[in-house]
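Per-entry structural report
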Amino acid sequence: MFSYLFMKILEGRPRSYDRRMDAISRGRIRSVKEDVAREIPQGARVLEMGCGTAELASMLVGRGAVVTAFDPSPAMIEVARERVNREGIGDRLTLKHMGVEGMDGLSSGQYDAVVSTLVLSELSDQERRFALTHAKRVLKPEGIIVIGDEVIPRKALPRILQALFRLPLLLLTYLVSRNTTRPIADLPGELKSAGFAINKEIRTQGDAFALVIGSVPEKL
Ligand SMILES: C[S@@+](CC[C@H](N)C(=O)[O-])C[C@H]1O[C@@H](n2cnc3c(N)ncnc32)[C@H](O)[C@@H]1O
């Protein structure tokens, strides 16, 4: 749970971001990405929102996907570009320098899947609504969305503990990065409001992390 706050600090150091996140989360963040990648069918056309250093995008390519990934941070995109060159995957991974705010410029119905890890909790409610609305629009009929992110636990005690333990770190993170993350209160509910059907929700890390898989419902 605390790695997510440190994450905001580490985001300012994209070159060592994956290595340090892996160290402080004891491999959990990487395994979340592996879980997301496993949900994506072979050969799928995938859009990743907020790709950071493109670690997940690269895993998806490794599983046969064709990926477009975007991020608004120039430093993150630069590190992602270095990865694309190093791994020689430029024919299967296209990087775009933009935020979710630019999703209204993407064509409708072109992707089999939209994925994202640890991004929606950094957005305002309004930005998240916008991102999810356009995620649904850019998906093909029966396309899927797979989101891994920090959420508010459903039961009172874990919720109180999360709030208590986060507070000092939250202040520290804000002082260093002038920014923070906000666990999402109702991720499946927000996906439903954007028009998705919820297929699966897996809670881990003391109910404070959710992997949610939704799909564009079949038309009756
Ligand atoms: C914690 S990092 C996660 C990066 C990557 N998804 C991962 O799991 O390693 C959050 C990312 O969200 C990106 N981000 C912040 N605001 C965004 C926005 N409005 N639209 C898309 N991405 C955004 C940041 O630049 C950063 O790369």
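A few points on the structure. (Residues numbered from 1 in each chain as written. Predicted model: local features only at pLDDT ≥ 70, side-chain atom pairs only at ≥ 80, totals over all residues. Heavy atoms only, no water.)

1. Examining the side chain of Glu 55
The line we're drawing: We count a stretch as a helix when DSSP gives it H or I for four or more residues in a row; a strand needs E for two or more, and each element gets its number in order from the N terminus. N or O atoms within 3.5 Å of each other form a polar contact, as long as, within protein, one can give a hydrogen and the other can take it, and as long as residues adjacent in sequence are counted only when both atoms are side-chain atoms. Contacts are residue-level and defined by heavy atoms, with any inter-residue pair within 4.5 Å sufficient.
Position of Glu 55 relative to the elements: it lies in helix α4 (residues 55-62). In this structure the side chain of Glu 55 is engaged in a polar contact, spanning 3.0 Å, whose partner is the side chain of Arg 30. When residues no more than four places from it in sequence are discounted, the contact partners of Glu 55 are Asp 18, Arg 30, Lys 33 and Arg 83.

2. So, the side chain of Lys 33
Our working rule: Buried means the residue's accessible area, taken with a 1.4 Å probe over protein chains only, is under 20% of the maximum for its type, while exposed means over 50%, and partly exposed covers the values in between.
Take Lys 33: it is sitting in helix α3 (residues 28-38). Since its relative accessible area comes to 8%, Lys 33 is described here as buried.

3. What to know about the sheet that holds strand β5 (residues 139-150)
Worth spelling out the cut-off: If DSSP finds at least two bridges between two strands, the strands pair. Here, axes are lines fitted to C-alpha atoms. For helices the fit covers the stretch in contact, and angles between N-to-C directions go from 0 to 180 degrees.
Here we have 7 strands laid out as an open sheet, ordered β3-β2-β1-β4-β5-β7-β6, and mixed in their pairing. The open sheet has two edge strands, β3 (93-97) and β6 (197-204), and neither has a second partner. Strand after strand, the sheet turns through a mean of 15 degrees between neighbouring axes, direction not considered. Against the sheet, α3 makes contact with β4 (111-117), β5 and β7 (209-215), and its axis sits at roughly 165 degrees relative to β4, the strand it touches most. This element, helix α5 (residues 74-87), spans β2 (66-71) and β3 of the sheet and lies at about 165 degrees to β3.

4. Some remarks on helix α6 (residues 125-138)
Heads up, the rule is: In a helix, the anticipated span is given by 1.5 Å times the number of residues less one.
Spanning 14 residues, α6 covers 20 Å between terminal C-alpha atoms, matching the ideal 20 Å at 1.5 Å per step. Buried within α6 we find Arg 128, Ala 131, Leu 132, His 134, Ala 135 and Val 138. Buried residues along α6 sit against β1 (45-49), β4, β5 and α8 (187-193).

5. Regarding the site of the ligand
Definition in use: When at least one non-hydrogen atom of a residue lies within 4 Å of a molecule or strand, that residue is treated as near it. The accessible surface values rely on the Shrake-Rupley method and a 1.4 Å probe; as for residues, cover is taken only from the protein chains in view. Residue classes follow a fixed rule: Ala, Val, Leu, Ile, Met, Phe, Trp, Tyr, Cys and Pro count as nonpolar, while Asp, Glu, Lys and Arg count as charged, and any other residue, Gly among them, counts as polar.
Near the ligand, the surroundings consist of 20 residues, among which Lys 33, Gly 50, Asp 71, Val 100 and Thr 117 are the closest. At a separation of 2.7 Å, a nitrogen atom of the ligand approaches a polar backbone atom of Gly 50. Contact distances for the ligand include 2.9 Å between a nitrogen atom and a side-chain N or O atom of Glu 101. Here the ligand, which alone exposes 590 Å², has 93% of that area covered by the protein. Residue classes in the shell around the ligand are distributed as 9 nonpolar, 5 polar and 6 charged.

6. What to know about unusual backbone geometry
Only a minority of non-glycine residues have a phi that is not negative, and only a minority of peptide bonds are not trans. Within the chain, Leu 118 stands out as a residue other than glycine whose phi angle is a positive 60 degrees. Topologically, Leu 118 is positioned in the loop between β4 and α6.

7. Quick notes on the pairing of β5
For β5, the buried fraction is high: 9 of the 12 residues fall into the buried class. As defined by bridge partners, β4 adjoins β5 across 6 bridges and the pair is classed as parallel. Following the sheet pairing, Ser 116 is matched in β5 by Ile 147. Summarising the sheet, β5 and β7 pair through 7 bridges and their orientation is antiparallel. Across the sheet, Val 146 pairs through a bridge with Ile 213, a residue of β7.

8. Quick look at the packing of helix α2 (residues 14-24) against α5
Note the cut-off: Relative orientations are named as follows: roughly parallel for angles under 35 degrees, roughly antiparallel for angles over 145 degrees, roughly perpendicular for angles from 65 to 115 degrees, and oblique for any other angle.
In the contact formed by α2 and α5, the axes pass within 8 Å of each other and the chain directions differ by 75 degrees. Taken together, the axis directions place α2 and α5 in an arrangement best described as roughly perpendicular. Where α2 abuts α5, its residues Pro 14, Arg 15, Tyr 17 and Asp 18 lie against Ala 75, Met 76, Glu 78, Val 79, Glu 82 and Arg 83. Its residues assigned to classes, the contact of α2 with α5 comprises 5 nonpolar, no polar and 5 charged.

9. Side note on the pairing of β4
Across the 7 residues of β4, 6 count as buried, placing the element largely inside the fold. In this sheet, β4 lies alongside β1 in parallel orientation, the contact comprising 3 bridges. Bridging across to β4, Glu 48 finds its partner in Val 115.

Everything listed here is a matter of geometry and, on its own, says nothing about what the molecule does.
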